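What follows is each chain in one-letter form.
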Number of protein chains: 2
Amino acid sequence: MEQKIPYKIYLSEDEIPTAWYNLRADMKQKPAPLLNPATLKPLTADELSAVFCRELVEQELDENTKFIAIPEEIRNFYKMYRPSPVVRAYCLEKALGTPAEIYYKFEGNNTSGSHKLNSAIAQAYYAKKQGLKGVTTETGAGQWGTALSMACAYFGLDCKVYMVKCSYEQKPFRREVMRTYGASITPSPSNTTEIGRKILEEFPGTTGSLGCAISEAVEVATHSEGYRYVLGSVLNQVLLHQSVIGLEAKAALDKYGVKPDIIIGCAGGGSNLGGLIAPFMGEKLRGENDYRIIAVEPASCPSFTRGKYAYDFCDTGKICPLAKMYTLGSGFIPSASHAGGLRFHGMTSTLSELYHQGMMEAVAVEQTSVFEAATQFARVEGILPAPESSHAIRVAIDEALKCKQTGEKKKILFGLTGTGYFDLVAYEKFNNGEMGDYIPTDEDIQKGWASMPKVDL
Amino acid sequence: MEQKIPYKIYLSEDEIPTAWYNLRADMKQKPAPLLNPATLKPLTADELSAVFCRELVEQELDENTKFIAIPEEIRNFYKMYRPSPVVRAYCLEKALGTPAEIYYKFEGNNTSGSHKLNSAIAQAYYAKKQGLKGVTTETGAGQWGTALSMACAYFGLDCKVYMVKCSYEQKPFRREVMRTYGASITPSPSNTTEIGRKILEEFPGTTGSLGCAISEAVEVATHSEGYRYVLGSVLNQVLLHQSVIGLEAKAALDKYGVKPDIIIGCAGGGSNLGGLIAPFMGEKLRGENDYRIIAVEPASCPSFTRGKYAYDFCDTGKICPLAKMYTLGSGFIPSASHAGGLRFHGMTSTLSELYHQGMMEAVAVEQTSVFEAATQFARVEGILPAPESSHAIRVAIDEALKCKQTGEKKKILFGLTGTGYFDLVAYEKFNNGEMGDYIPTDEDIQKGWASMPKVDL
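Residues numbered from 1 in each chain as written. Chains lettered and ligands numbered in written order. Predicted model: local features only at pLDDT ≥ 70, side-chain atom pairs only at ≥ 80, totals over all residues. Heavy atoms only, no water.

## Regarding the overall build of chain A
Argument step 1. Check the secondary structure of chain A and you find 18 helices and 15 strands.
Argument step 2. Against the 2.2 N^0.38 benchmark of 23 Å for 457 residues, chain A shows a C-alpha radius of gyration of 21 Å, consistent with a compact globule.
Argument step 3. Considering only C-alpha atoms, chain A reaches an extent of 65 × 50 × 45 Å along its principal axes.
Argument step 4. Burial statistics for chain A: of 457 residues in total, 66% are counted as buried.
Argument step 5. Entry remark: accessible area of chain A is about 16,100 Å², with carbon and sulfur atoms responsible for 50%.
Argument step 6. A gap of 2 Å separates the mean positions of the 48 positive and 53 negative side-chain charges of chain A. (Helix = DSSP H or I, 4+ residues; strand = E, 2+ residues; numbered from the N terminus. Rg over C-alpha atoms; globule rule 2.2 N^0.38 Å. Buried < 20%, exposed > 50% of the residue type's maximum accessible area, 1.4 Å probe, protein only. Areas by Shrake-Rupley, 256 points an atom, 1.4 Å probe, with all protein chains shown as cover. Lys, Arg positive; Asp, Glu negative; His and termini not counted. Charge placed at Lys NZ, Arg CZ, Asp CG, Glu CD.)

## Some words on the interface of chain B and chain A
Argument step 1. Across the contact, 42 residues belong to chain B and 42 residues belong to chain A.
Argument step 2. Interface area for chain B against chain A, summed over the two sides, is near 4,000 Å², with a carbon-plus-sulfur share of 57%.
Argument step 3. At the surface where chain B touches chain A, the tally comes to 2 salt bridges.
Argument step 4. Seen at the junction of chain B and chain A, the total is 28 residue pairs in polar contact (both at pLDDT 80 or more).
Argument step 5. If you list the elements that add at least two residues to the side of chain B that touches chain A, you get helix 3 (72–81), helix 6 (143–155), helix 8 (172–180), helix 15 (367–381) and helix 17 (424–431) of chain B.
Argument step 6. For the side of chain B that touches chain A, the element with the highest residue contribution is helix 8 of chain B, accounting for 6 residues. (Contact = heavy atoms within 4.5 Å. Buried area = accessible area lost by both parts, 1.4 Å probe. Salt bridge = Lys/Arg side-chain N within 4 Å of Asp/Glu carboxyl O. Polar contact = N/O pair within 3.5 Å; in protein donor to acceptor, adjacent residues only side chain to side chain.)

## Description of the relation of the copies chain B and chain A
Argument step 1. Between chain B and chain A, which share one sequence, the superposing operator has a rotation angle of 180° and an axial displacement of 0.0 Å; the RMSD is 0.0 Å. Expressed as an axis order, the relation between the two copies is that of a two-fold axis. If distances are taken from each C-alpha of chain B to the rotation axis, the shortest is found for Asn109 of chain B, at 3.2 Å.
Argument step 2. A share of 100% of interface residues in chain B that are also interface residues in chain A marks the association as one of identical surfaces. (Least-squares fit on C-alpha atoms with pLDDT ≥ 70 in both.)

## Describing the side chain of Thr146 of chain A
Argument step 1. Following the sequence through the fold, Thr146 of chain A ends up in helix 6 (residues 143–155).
Argument step 2. When near neighbours in sequence (up to four residues on either side) are disregarded, Thr146 of chain A contacts Thr111, Ser112, Arg174, Val177 and Met178 of chain A.

## Let's talk about the sheet that holds strand 15 (residues 411–416) of chain A
Residue and element names in this part refer to chain A.
Argument step 1. Pairing in this open sheet of 7 strands is mixed, and the strands run 1-4-5-15-10-11-14 from one edge to the other. At either end of the open sheet lies a strand with only one pairing partner, and these are strand 1 (8–9) and strand 14 (361–365).
Argument step 2. In this sheet, strand 4 (residues 86–88) lies alongside strand 1 in antiparallel orientation, the contact comprising 2 bridges. When the sheet's bridge partners are listed, Ile9 is paired in strand 4 with Val86. (Pairing = 2+ DSSP bridges.)

## Considerations on the sheet that holds strand 5 (residues 101–106) of chain B
One key point about sheets: their strands pair by backbone hydrogen bonds, in either a parallel or an antiparallel sense.
Residues and elements named next belong to chain B.
Argument step 1. Spatial strand order, 1-4-5-15-10-11-14: 7 strands in an open sheet with mixed pairing. Each of the sheet's edge strands pairs with one partner strand only, and the pair in question is strand 1 (8–9) and strand 14 (361–365).
Argument step 2. Across 3 bridges, strand 4 (residues 86–88) lies against strand 5 in antiparallel orientation. Note that in strand 5 the partner of Val86 across the bridge is Lys105.
Argument step 3. Sitting on the sheet, helix 15 touches strand 4, strand 5, strand 14 and strand 15 (411–416), and the angle it makes with strand 14 is about 95°. (Axes fitted to C-alpha atoms, helices over the stretch in contact; angles between N-to-C directions.)

## With respect to the packing of aromatic side chains
Residue and element names in this part refer to chain B.
Argument step 1. All told, the structure shown has 43 aromatic pairs over all chains when counted by the stated rule.
Argument step 2. With a centroid separation of 6.2 Å and an interplanar angle of 85°, the aromatic rings of Tyr78 and Tyr81 are classed as edge-to-face. Here Tyr78 pairs with Tyr81, and both are found in helix 3, just 3 residues apart, close to one helical turn.
Argument step 3. For Tyr78, a relative accessible area of 0% puts it in the buried group.
Argument step 4. Among the residues examined, Tyr81 registers a relative accessible area of 11% and is labelled buried. (Phe/Tyr/Trp six-rings, centres within 6.5 Å; stacked < 30°, edge-to-face > 60°.)

## Points about helix 10 (residues 210–223) of chain B
All names here are of chain B.
Argument step 1. Relative to the 20 Å expected for 14 residues at 1.5 Å per residue, helix 10 spans 20 Å between its end C-alpha atoms, a close match to the ideal helical length.
Argument step 2. Most of helix 10 sits out of view: 11 of its 14 residues are buried.
Argument step 3. Turning to helix 10, the residues buried within the fold contact strand 6 (134–139), strand 7 (158–164), strand 8 (184–188), helix 9 (194–202) and strand 9 (227–229).
Argument step 4. If you check the start of helix 10, you find a side-chain oxygen 3.2 Å away from the backbone N of Cys212, and it comes from Ser209. (Expected span 1.5 Å × (residues − 1).)

## Description of the packing of helix 11 (residues 236–255) of chain B against helix 12 (residues 271–285) of chain B
Residues and elements named next belong to chain B.
Argument step 1. Between helix 11 and helix 12, the shortest axis-to-axis distance is 6 Å and the interhelical angle comes to 60°. On the basis of their axis angle, the class for helix 11 and helix 12 is oblique. Helix-helix and strand crossings are classified by hand; for helix 11 and helix 12 the assignment is right-handed. Here helix 11 contributes Val238, Leu239, Gln242, Ser243, Ile245, Gly246, Leu247 and Lys250 to the contact with helix 12, which in turn contributes Ser271, Asn272, Gly274, Gly275, Leu276, Ala278, Pro279, Phe280 and Glu283.
Argument step 2. The residue makeup of the contact of helix 11 with helix 12, split by class, is 8 nonpolar, 7 polar and 2 charged. (Parallel < 35°, antiparallel > 145°, perpendicular 65-115°, else oblique. Left-handed = near helix turned anticlockwise from the far one by under 90°. Nonpolar A, V, L, I, M, F, W, Y, C, P; charged D, E, K, R; others polar.)

## What about the side chain of Asn22 of chain A?
All names here are of chain A.
Argument step 1. Inspection of the secondary structure puts Asn22 in the loop between strand 2 (19–21) and helix 1 (45–49).
Argument step 2. Polar contacts involving the side chain of Asn22 include one to the main-chain carbonyl oxygen of Asp62, which spans 2.8 Å.
Argument step 3. Those residues in contact with Asn22 that lie beyond four places of it in its chain are Asp62, Glu63, Asn64, Thr65, Lys66, Ile68 and Leu240.

## Points about the confidence of the model for chain A
Argument step 1. Looking at chain A, the pLDDT average stands at 94 and 99% of residues meet or exceed 70.
Argument step 2. Reported confidence for the predicted complex is 0.94 by ipTM and 0.96 by pTM. (pLDDT = per-residue confidence, 0-100.)

## Re the pattern of salt bridges
Argument step 1. This model, assessed by the stated rule, comprises 46 salt bridges over all chains.
Argument step 2. A salt bridge links Lys66 of chain A to Asp26 of chain A; the shortest N-O distance between them is 3.1 Å. Note that Lys66 of chain A is positioned in the loop between helix 2 (54–61) and strand 3 (67–69) and Asp26 of chain A in the loop between strand 2 and helix 1, a separation of 40 residues in sequence.
Argument step 3. Overall, Lys66 of chain A belongs to the partly exposed group, its relative accessible area being 31%.
Argument step 4. Between Asp26 of chain B and Arg286 of chain B there is a salt bridge whose closest N-O contact spans 2.8 Å. Of this pair, Asp26 of chain B sits in the loop between strand 2 (19–21) and helix 1 (45–49) while Arg286 of chain B sits in the loop between helix 12 and strand 11 (292–298); the two residues are 260 residues apart in sequence, bridging distant segments of the chain.
Argument step 5. Judged by relative accessible area, which is 34%, Arg286 of chain B ranks as partly exposed.
Argument step 6. Each of the salt bridges in this network shares a partner with another, and the network as a whole consists of Asp26, Lys66, Arg286 and Glu288 of chain A.

## Some thoughts on the pairing of strand 11 of chain B
Residues and elements named next belong to chain B.
Argument step 1. Buried residues dominate strand 11, accounting for 6 of its 7 residues.
Argument step 2. Pairing between strand 10 (residues 262–266) and strand 11: 5 bridges, direction parallel. Note on strand 11: the bridge partner recorded for Cys266 is Val296.
Argument step 3. A crossover connection joins strand 10 to the parallel strand 11 through helix 12; in handedness this β-α-β unit is right-handed.
Argument step 4. Direction of pairing for strand 11 relative to strand 14: parallel, over a ladder of 5 bridges. (Right-handed = clockwise from strand over helix to strand, strands pointing away.)

## What to know about the pairing of strand 5 (residues 101–106) of chain A
Residues and elements named next belong to chain A.
Argument step 1. Counting buried positions over the 6 residues of strand 5 gives 6, a clear majority of the element.
Argument step 2. Burial along strand 5 is two-sided: Glu101, Tyr103 and Lys105 and Ile102, Tyr104 and Phe106, pointing in opposite directions, are all buried.
Argument step 3. The sheet contact formed by strand 5 and strand 15 spans 6 bridges and is parallel. Its bridge partner lying in strand 15, Tyr104 is registered against Phe414.

Shown next as structure tokens:
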């Protein structure tokens, strides 16, 4: 007899994964290594350790260990907001009139409002273990900064966040959450760093950029005794930590014998998508199971669907390592879209390599259709989704509507990475009918590529 | 052998209560009835039905039926965000170094951000069942308006919210959440009602008041075909719906054999506190168990601790029924505290009667000490609490610290009614050291009482 699937599938506390899954271990063709921008040679552990915590560097470079144990202290923190539920979207299914089954893994039920906390707590833990005083980072939209502030408060670490100046001014609420958790927030560019002062001198009226904020955070980390720099996406270590999303999702679905046909996630730097799909992609790589896996990106910043696969700079300042990835060029300037977390010009190297191998698909969607999906979802499922997450909702709804036409009872799983409580300026624009779409021209993308490394790597 | 208590105790979907518990049925001395302000006689079902939905009127007047079945449609909605967890505050206990066990029932994990959704969905359901087109209501801080908007979206009901003008202007994000759920929001006073036009004529620059917004919402409900008025607190029906909080909390604690010694809840109109304590108070009334029950109110609006127990108007406009309650007088103007949900001058009649009988205690706490507790809680437990809920946190911490001195291992349960994501202006004030306390003088309270009914009831 078939078991009735509840609205929310919760695992018990004991079922929180005890190890992260390292997807690279199952890849025959590994992702290309990070290169030192000065020597164009693969970065060594020593070079990376000047910037990052030692154990995180080990995780960054380890492409062979399949499972890496999650330390007890991190699991205890996870217990405060995990396991996060897999939700059966009964109400959305009914509203769409689809025979498809729709499931979503919801990562928004914590104060950071997104999945970013999964890696923030891990990075803070290793910094504490190394005996550091604190960490530095940058934040744009503010999700990562909030998550890191929470993690640092828990372990009693100092947390210095460089927040892109225009966000600092336009998102005072995000800033206050971080301050409440004891972080110090500096609008970037600032005169607290050499590079900040230089930029302020050259461009006195600038409202900052993520690239500049990264440069300031890295400078402070490398020039301050007892500090290291941490990053919320793109890196291998982040994908590793985020595998907890997929491991829980798979365990929850397995309980009810549900094997998803399609797995959908939004993709900015790739931290959420990489985490969600990890164990499923592992099965696919090992030939045990097949899944259709879809990355959803904004049409305004289409790194998979219109980018090229090549070595590129990760930051506009060109001080960070080179990564081989699908990229629009570090000089590409995406339009002022409301999905701040999806505005990165490239894509984490692991997902780039998998996409290159044809192991996953990618779709680009336009902003207004994303907010239509967000609103439809909110009204029937009750959760106000983050703009980033709503990219996945858009494609999940589209796939469910295809099933309605064909009568197929496909099982669709998507990642609901977060809530939109700090994105109401965007919702207001949409509610007022003032939201536009923007698709870069081929010339825009050519311009972005012009900033790529001049050597052929 | 004692079972290890998890961080979060979740009931299964099947354990969501199937009936609300009507606390009045166990009270020997019932709460005093609502009176018609014109006749000073108890309001009849017919009189109430002009304003409220029929079945809700039945619930309002029913003081004898102990359990009232929760309709299937409401339980299905509950399944989207309930059962809500009882959390063991292990990290807070450790930070305080207390031998006490601290538990909290967390009602903030839904987009309305508070417990208000429990009654909103019930009231919307009965309106739909009666074949109404829509409902009207007022909102101050916005929690209730948001909850009602979500409930109406689910059932396809029109939702007209009169939002106090200063909130409408200062809390644009709350407004946009409601609009996203399809509600129409009118700043009050407005020229859409007779009473609104009258007030605007008399006081052209007014930024509105809850009393005025209530009057407008009631006028629209009673003058529009197919509309009724709904309210988020104070009424008996609301306490009934909110009993789901206490029923779940008790069932969760019972699973681990935990009997709380102290139960703590914040109290504005009384909807949360009445719901949380319901089954525990029932046992206390029936002499089966004893519990120490503490209502926490702001020192700026101390209806229990400094009010008088008498019949009073529920609204400043004096158009609503008279209720017997602990009151500061409908003319009492609380200071601009940041716990918007706790600024009501009175207290629901059921809790007032129980307090009068000595079945519960009350404590008033000052705003800055509340935000100190909120910040301490956020940093170790990870959840950014609503200012209202933080009143309960303050007293829970105080009681746990007393246990530290005495060495007692008391079990403390408190209600965490909601999250503070829309209250960051308040946190900013606190973070900047700009938050003050305000305690009304005896003269302030005398002034409030001057507006009470002139007859002795």
